[in-house]
Amino acid sequence: MRVLITNDDGVHAEGLLALKRALDPLAAVTIVAPDRPRSACGHSITLHKPLRLSQTTLADGSIASTSSGTPSDCVTLALLEVMRDRRPDLVISGINDGPNLGWDLTYSGTVSAAMEGAINGLQSFAISVAWRLERVIEEEEDTPRPRTDFTQAARFAVRLAERLRDHPLPPHTLLNVNVPPGAPTVAEVTRQGIRRYPGRVEGRVDPMGRPYYWLGGDLPEDTMEAGTDVHAVASDRISVTPIQLDLTDYPVLKQIAGWDLSL
C-alpha cells in the first residue's frame, strides 16, 4: 500500500510519528504535514498567498515534506506535487492529540484533511486520541497535562488500514475515529453525536490601550445518546463514524420543496 499521512498538529507532532512507525511494516508511507500546529482551522485552503513546500527530518531520522499551508493544502500538495507519479491508496490524518467528536468535525483540521482525500476519490480516515477535555480543564493551570500515549490508536490505525485495503468505502466517504486514552480494545461503529461549547470571549487591553479578545470555551456540552461517538468514547470504546461529503438534509429538502421562493 501507498499511504499519505498528514495532520493538523504539525509535522513534528508525536502522534504523526507514532502513526508512521506503526504503518512502516505495512505500507510505503509519505508524509506531507503543516510546518506548525493548525488545530481548529477547519476545511480552509490557502488562495491569497504562496504555499511553501520543504523537507524536514523527523525524530526517527526519516524525511517528511512540510508545508506552510493548512491540512487540506497539504493533501492537495501531496497529490499534485509530492506524489503526482505515485497516487496514494489511502490518506490518514492524525493521530490528533485530542478529541474530534460530534460537532467538533466542523472545526477540525484533522477531519478536514481526510475530507480532502475523500473529495479526491481516495480511501481516507481521520484518527484522534480523545482524552477527556473535562479532566484537562479542571486541572490546575500549573499542572501540565499528562503526555498522550498514541500506542493503541496507532495499532488501531493499522488494523483499519488493512480493512480498507480489502473492503473499500463507497466514493466520497471517510471515517472519523476517536480512541479513548489507555488501552481500549472494543470498537463501536457510531453516528455523529452532539457536542457544543458554550461561547466565551475574554476581552483584554494591550499596552497601547487597544482592546483585543481571546476566544475560549467552557466544558463541552455532550448529548449522551447511545450509538453516538461521544457516548462510545465516554464508555471507553473506540468510535468509528462514517462521514459523507453530501451535507444535504433530505427530509428538509422535501419539506421546503413546495415553498414559493421566487422574487
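See the structure shown above.
Residues numbered from 1 in each chain as written. Predicted model: local features only at pLDDT ≥ 70, side-chain atom pairs only at ≥ 80, totals over all residues. Heavy atoms only, no water.

Tracing the sequence through the fold places Asp206 in the loop between strand S10 (199-205) and strand S11 (211-217). Look at Asp206 and you get buried, because its relative accessible area is 19%. Engagement of the side chain of Asp206 in a polar contact is seen with the backbone nitrogen of Met208, the distance being 2.9 Å. Among the polar contacts made by the side chain of Asp206, one reaches the main-chain amide nitrogen of Arg210 at a distance of 2.8 Å. (Helix = DSSP H or I, 4+ residues; strand = E, 2+ residues; numbered from the N terminus. Buried < 20%, exposed > 50% of the residue type's maximum accessible area, 1.4 Å probe, protein only. Polar contact = N/O pair within 3.5 Å; in protein donor to acceptor, adjacent residues only side chain to side chain.)

This part covers the environment of Ala40. In this structure, Ala40 sits in the loop between strand S2 (28-34) and strand S3 (53-57). It is 5.5 Å that separates the C-alpha atoms of Ala40 and Gly109, two residues lying 69 residues apart in sequence. Ignoring anything within four residues of it in the chain, the contact list for Ala40 reads Asp8, Tyr107 and Gly109. (Contact = heavy atoms within 4.5 Å.)

A word on the sheet that holds strand S5 (residues 90-97). Strand order in this open sheet of nine strands is S3-S4-S2-S1-S5-S6-S7-S13-S8, and the pairing throughout is mixed. If you trace the sheet from one side to the other, it starts and ends with S3 and strand S8 (187-189), each paired once. On average, adjacent strands in this sheet sit at an angle of 25° to one another, irrespective of strand direction. As defined by bridge partners, strand S6 (residues 123-129) adjoins strand S7 (residues 173-179) across five bridges and the pair is classed as parallel. Following the sheet pairing, Ser128 is matched in S7 by Asn178. Helix H3 (residues 109-119) rests against strand S1 (2-6), S5, S6 and S7 of the sheet, and its axis sits at about 170° to S6. (Pairing = 2+ DSSP bridges. Axes fitted to C-alpha atoms, helices over the stretch in contact; angles between N-to-C directions.)

Turning next to the side chain of Ser93. The topology assignment puts Ser93 in strand S5. Non-local contacts of Ser93, meaning those with residues more than four positions away in its chain, are made with Thr6, Asn7, Thr110, Ala113, Ala114, Phe125, Ala126 and Ile127.

By volume, the second largest pocket is sized at about 260 Å³. In terms of residue count, the dominant contributor to the lining of the second largest pocket is strand S13 (residues 238-244) (three residues). Residues of the lining of the second largest pocket, tallied by class, amount to five nonpolar, four polar and two charged. (1 Å grid on protein atoms, 1.4 Å probe; cavity = no way out; pocket = protein on both sides within 12 Å on 5 of 7 lines; lining within 4 Å. Points joined across faces, edges and corners; volume = space filled by probe spheres on them. Nonpolar A, V, L, I, M, F, W, Y, C, P; charged D, E, K, R; others polar.)

With that settled, the discussion passes to the packing of helix H2 (residues 71-82) against H3. Contact geometry for H2 and H3: axes closest at 8 Å, N-to-C directions at 30°. In terms of their interaxial angle, H2 and H3 are classed as roughly parallel. Two packed elements cross with a definite hand, and for H2 against H3 that hand is right-handed. Of H3, the residues touching H2 (which contributes Pro71, Ser72, Val75 and Thr76) are Gly109, Ser112, Ala113, Glu116 and Gly117. For the contact of H2 with H3, a count of residues per class yields three nonpolar, five polar and one charged. (Parallel < 35°, antiparallel > 145°, perpendicular 65-115°, else oblique. Left-handed = near helix turned anticlockwise from the far one by under 90°.)

The next point concerns the pattern of salt bridges. In this structure the tally under the stated criterion is twelve salt bridges. Between Arg147 and Glu14 there is a salt bridge whose closest N-O contact spans 2.9 Å. Of this pair, Arg147 sits in the loop between helix H4 (133-138) and helix H5 (151-166) while Glu14 sits in helix H1 (residues 14-23), and the two are 133 residues apart along the sequence. Its salt-bridge partner being Asp166, residue Arg165 comes within 3.3 Å of it at the nearest N-O pair. Taking relative accessible area as the criterion, Asp166 reaches 49% and is therefore assigned partly exposed. A cluster of three or more residues bridged by salt bridges with shared partners is formed by Lys20, Asp24 and Asp60. (Salt bridge = Lys/Arg side-chain N within 4 Å of Asp/Glu carboxyl O.)

For the rest of this paragraph, the subject is a nonpolar patch on the surface. A contiguous nonpolar surface patch, about 390 Å² in accessible area, is contributed by Val252, Ile256, Trp259 and Leu261. Relative to the helices and strands, Leu261 resides in the segment after helix H7 (250-256). (Patch = residues over 30% accessible without salt bridge, like charges linked within 9 Å, V, L, I, M, F, W, Y side chains within 5 Å. Areas by Shrake-Rupley, 256 points an atom, 1.4 Å probe, with all protein chains shown as cover.)

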